[in-house]
Structure formats: structure tokens, C-alpha cells
Amino acid sequence: LKSNCGILKYNYIASYPIAGIIFKTQLYNLKSLCGYNKNEGTAILTIKSVIAVGGDGIISEVLTAIVHRQQQMEGFNADDPDVKLPPIPFPVGFIPAGSGNYAVRYLHGCTDVVTAAIKIVLSQTRPVNVVSVHQGNKLEGISHLLTSFGLIGEMIRACEQHRWLGNLRYKILPVRTIFRRRLIDAEVEFLKESTGEWQSSKGAFYIVDTNVCDLVDKDSKLVPVFADSALNLHMTSACSLSDHIKQLSKVADFTAGAYNYDFIQVERVLKYRVHLPTLESQGQDSNRGEVFYMNLDGEAQVIDQPSFQV
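Here goes a summary of the coordinates provided. Small disclaimer: the values here were computed from a predicted structure and weren't measured.

About the thresholds
Residues numbered from 1 in each chain as written. Predicted model: local features only at pLDDT ≥ 70, side-chain atom pairs only at ≥ 80, totals over all residues. Heavy atoms only, no water. Helix = DSSP H or I, 4+ residues; strand = E, 2+ residues; numbered from the N terminus. Expected span 1.5 Å × (residues − 1). Buried < 20%, exposed > 50% of the residue type's maximum accessible area, 1.4 Å probe, protein only. Arc of directions from axis to C-beta. Contact = heavy atoms within 4.5 Å. Phe/Tyr/Trp six-rings, centres within 6.5 Å; stacked < 30°, edge-to-face > 60°. Pairing = 2+ DSSP bridges.

In this section: helix H8 (residues 241-252). When the terminal C-alpha atoms of H8 are compared, their 16 Å separation across 12 residues agrees well with the 16 Å that a helix rising 1.5 Å per residue should span. Residues of H8 that are buried include every one of His-244, Gln-247 and Leu-248, and no others. Projected down its long axis, H8 carries its buried residues within an arc of 95°, all on one side. Next to the buried residues of H8 lie helix H6 (151-161), helix H7 (169-178), strand E9 (207-211), strand E12 (231-236) and strand E13 (264-275).

All right, on to the packing of aromatic side chains then. Evaluated as defined, the whole model comprises 6 aromatic pairs. Taking the centre distance of 6.4 Å and the plane angle of 45° together, the rings of Tyr-102 and Phe-254 count as tilted. Of this pair, Tyr-102 sits in helix H4 (residues 102-108) while Phe-254 is found in the loop between H8 and E13, placing the two residues 152 residues apart along the sequence. Judged by relative accessible area, which is 35%, Tyr-102 ranks as partly exposed. Take Phe-254: its relative accessible area is 18%, and that puts it in the buried class. With 5.2 Å between their ring centres and 40° between their planes, Tyr-261 and Phe-263 make a pair best called tilted. In terms of burial, Tyr-261 and Phe-263 fall into one category: buried.

So, about the pairing of strand E4 (residues 131-135). With respect to burial, E4 is a largely interior element, 5 of its 5 residues being buried. Residues Val-131, Val-133 and Gln-135 of E4 are buried on one face, and the alternating residues Ser-132 and His-134, pointing to the opposite face, are buried as well. In this structure, E4 lies alongside strand E5 (residues 139-143), joined through 4 bridges in antiparallel fashion. Pairing of His-134 across the sheet is with Leu-139, part of E5. Remark: 3 residues form the turn of the hairpin made by E4 and E5, two consecutive strands paired antiparallel; Gly-136 in that turn has positive phi of roughly 60°. Alignment of E4 against strand E16 (residues 307-309), held across 2 bridges, turns out to be antiparallel. The residue bridging Gln-135 from the neighbouring strand is Phe-308, located in E16.

Next comes the structure, spelled out in C-alpha cells:
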């Protein structure tokens, strides 16, 4: 909804049919307003606020559109992973209407629609971090929640392939996927917050991920930390299946100590790169034997290049 107040981006696909009709006939698409349509190239200059109605994936789409257009207007190449992300110059509100709604849960402690709407009406804002994800010299998306390469990416990919199961897929498919877990050869280079220097870790990992909205121990629970000065990079190496299930269950239940395991290397970083020798050796072969995935804010992102950067 374009007005003097701002823009509304609505996930009509996941809502009632009538909402879809209203959206397509009466509402503008945020990406066009942010410059994907060259005829609307200056629209972002007049935006005062944005409200995203949907799940975590819709929020990521909205933030990607905004940041992409901002970088274009400031003369930066959005596909350059070394370009610093500009701060978004207006507030972005979230109305939960998806499956996970973790961003709203972290912000408000619940996923109640009315509570989220009241927070927006009262103009209650909170700074949050976002990161860019690049591969093959291309911006894949802006993440505000989670970037998780490997097992968690494969879990979300399996869930996407079985949408007909509804929310039940989030209980069934992750369990099936973990029994098919695989170690992925990788070299992870990371810029340490403490020293400002690049270091690397080379080996086989089940998961390489970071919570963009960080989760830290507080008493017996994991609690969100907003606008942290760095990212906690987690690299999960070889471990028994039982230990891995216990660890992932702690994360799912927001239980303290979820990352305090010998098989998880934790580093405080400002950015990191992951090199995948398997994909590098396959080169440009169209019949690739390996396919990898990243969970990018609840959506499965295909990783088909020899390296990616966060």
C-alpha cells in the first residue's frame, strides 16, 4: 500500500484467495517501488516506512529490495561482497503471517498479530543487524535472521518440497534429513572481531552458520541479542548422531548451552567466506554430482558456486 505513510508488502500467496485479489489489483509490489522497475526509480526517496506482512522469508525479500536499491542510488555495486551495507533510512515493521515468524518472536516475545500492529502504531523501533549473502559475484539476498549452510539448508529444502504437508512438514522432514546428514569438505575464512585479521579453518563440516540476530545464554535459555557488534560463526564438525540430535534439540528449544559442544567451533567474526573444493573440482560441468543448500531466513538458497561470502 503506497501512501504518505509508507508501503505495505503482503504475502498474498500464503493467505486467503480474496487477499490475493486485493493485493494484485490494489497494492504495489515493493521491489518495483524500490527500483527494480526503472520507471519507479525515485520512489525510495519518498518512503517514510515499510510494513512487511508475512514470514521471515518475506521480510528478507523486503530488506533485500530496499538495500539493493539503496546501494544503486549511492553508486555502489550491490554484487560486490566487500561493499558495506548502508543503514536503512526508515523503519521497517513486521506483521507475522508465515510459518516460523522468528523475527517477530524475537522482537516482541510472541507472534501475536495485534501485538505486532500495536508496536508499529506506537512507533516502537529496535536496531537490528543485517548481512549480505553473495556467491559467484552476485548478491543472493539480505539476511536478518539466519544463514545456515549444510544440514540445516538441506532440512529447509526438504520442507519446501513438501509444502502440501502444511506446518507438519517442519516436524517430519528435519528428522528424516538428519539421518541422511553428510560432512562437507570446506575451508572457512573469517575476519575475527578481536584482531581484525583473517584466519581460516579447514576440514569437514555438517553445518557452517550464524544467527544474524544472535542467540546467547541467559540463565537456562537462549535469548536474542539485537545489533551485536559481531557475528557468532558456528562450524559443526564430525560427531555422533545422538550428540548432534541433542545439540540441535537445544537450539530448537532455545535451551542454554546449545553451542557449548566440543564438535562446534565458535568464532566472533565480522565476515566470512566458505570455499567448497568439491564444487571447484566440478567446474562448469552441468551434470554436477553435488548440490548444497543454505537456509537463508527460512528459505532454501542453492549453493552452486565454489565459494560464498557472508
